[in-house]
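Chains, contacts and geometry: an overview
Each chain, written out:
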Amino acid sequence: MFSLVNDRKAPGKELRKVVVETVADMMNTDDKVVMLEADLGGASGTTALLKTHPDKFIQCGISEANMVGVACGMSSLGYKPYIHTFAPFATRRAMDQVYLSGAYAFNTINIYGSDPGFTVAANGGTHTSFEDMALMRTIPGALVLDAADDVQLEWIVREVAKSEGVHYFRAGRKGCRRLYEQGSTFELGKGNILKEGKDVLIIASGQVVNDALDAAEMLEADGISVEVIDMFTIKPFDKELAIKEAAGKKAVFTFENHSIIGGLGSCVAETYAEEGVCVKFKRVGVEDRFGQVGSADFLQKEFGLTAEALYNKVKETI
């Protein structure tokens, strides 16, 4: 069960700290949990594990594909490896190893792809990933998760340890606004209805879910009733909810910090096309562009991922 915070402007805990502290806590009770890093321990904070759990932390250096191979080898020996690097390096750079050494070989790896989309900020286009979810969706049996805040991220980190396979979760490193109350729980493969509405449906994922709620409030002020769903599980995708909640709506919008190609927008479009759902539909995300250098706030505006941009898209469409 989940509940929303009263003040959605309040910041949550830094997301990188959530991952490190949660993994460290799991290490205290499970000898099989290990953490592998690709020379980003200072940026991610995972080097703290060298002090608290030195026998359960492996620094693999700037060799992401090799890190995946090491993790898969450890999985074959019964360990539960967590690995971290930038989202593009965990996916497109190491795709072959994740696919073959991980999924095809029936090994288990829990992958934290950090700073996806505009959250990469000044690291620029080479470190930007607008395609990571699209790539990971193609891996048979993989879990693909897009955390909305620190509370949901902590739940994800703990939950993925309960099953086998390739598990990919994406989130920034720094803090973002909190959405859920502490102690909230979720269900893999199920979306969360955060706000009811009868005119428009917005299906969002990741850090921009809070922005989707902001846009909904702006639209409500204009007399447009808006429903908002947090679809944090991209794969497996909650087709049933997406279909059910589209009924009677004037339009459906997806909103994501990802390319409109292959991510959340594609999940919904594919579902509606296959199931014969007839509704006006618009994908709001990054439109066939590379990343660039800038602050996170600047890039969020540059790529049209703000509440104001979503508000304008809805008004234009309906």
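See the structure shown above.
Overview of the structure. (Residues numbered from 1 in each chain as written. Predicted model: local features only at pLDDT ≥ 70, side-chain atom pairs only at ≥ 80, totals over all residues. Heavy atoms only, no water.)

**Points about the layout of surface pockets**
Quantified by volume, the largest pocket comes out at close to 660 Å³. Taken together, 27 residues form the lining of the largest pocket, with Phe-118, Gln-207, Ala-296, Asp-297 and Gln-300 sitting closest to its centre. Where the lining of the largest pocket is concerned, the elements lending two or more residues are helix H9 (209–221), helix H12 (296–302) and helix H13 (307–317). Broken down by element, the residue count for the lining of the largest pocket peaks at four residues, all from H12. Across the lining of the largest pocket, the residue classes break down as eight nonpolar, eight polar and eleven charged. The volume enclosed by the second largest pocket comes to roughly 200 Å³. Lining the second largest pocket we find 13 residues, and of these Phe-130, Glu-131, Ser-259, Arg-289 and Phe-290 sit closest to its centre. (1 Å grid on protein atoms, 1.4 Å probe; cavity = no way out; pocket = protein on both sides within 12 Å on 5 of 7 lines; lining within 4 Å. Points joined across faces, edges and corners; volume = space filled by probe spheres on them. Helix = DSSP H or I, 4+ residues; strand = E, 2+ residues; numbered from the N terminus. Nonpolar A, V, L, I, M, F, W, Y, C, P; charged D, E, K, R; others polar.)

**Describing H9**
Relative to the 18 Å expected for 13 residues at 1.5 Å per residue, H9 spans 19 Å between its end C-alpha atoms, a close match to the ideal helical length. Within the sequence span of H9, burial applies to Val-209, Asn-210, Asp-211, Ala-212, Leu-213, Asp-214, Ala-215, Ala-216 and Leu-219. The inward-facing, buried residues of H9 contact strand E7 (192–195), strand E8 (200–204), strand E9 (226–230), strand E11 (251–259), H12 and H13. Once H9 ends, the next one or two residues include Gly-223, with phi positive near 85°. (Expected span 1.5 Å × (residues − 1). Buried < 20%, exposed > 50% of the residue type's maximum accessible area, 1.4 Å probe, protein only. Contact = heavy atoms within 4.5 Å.)

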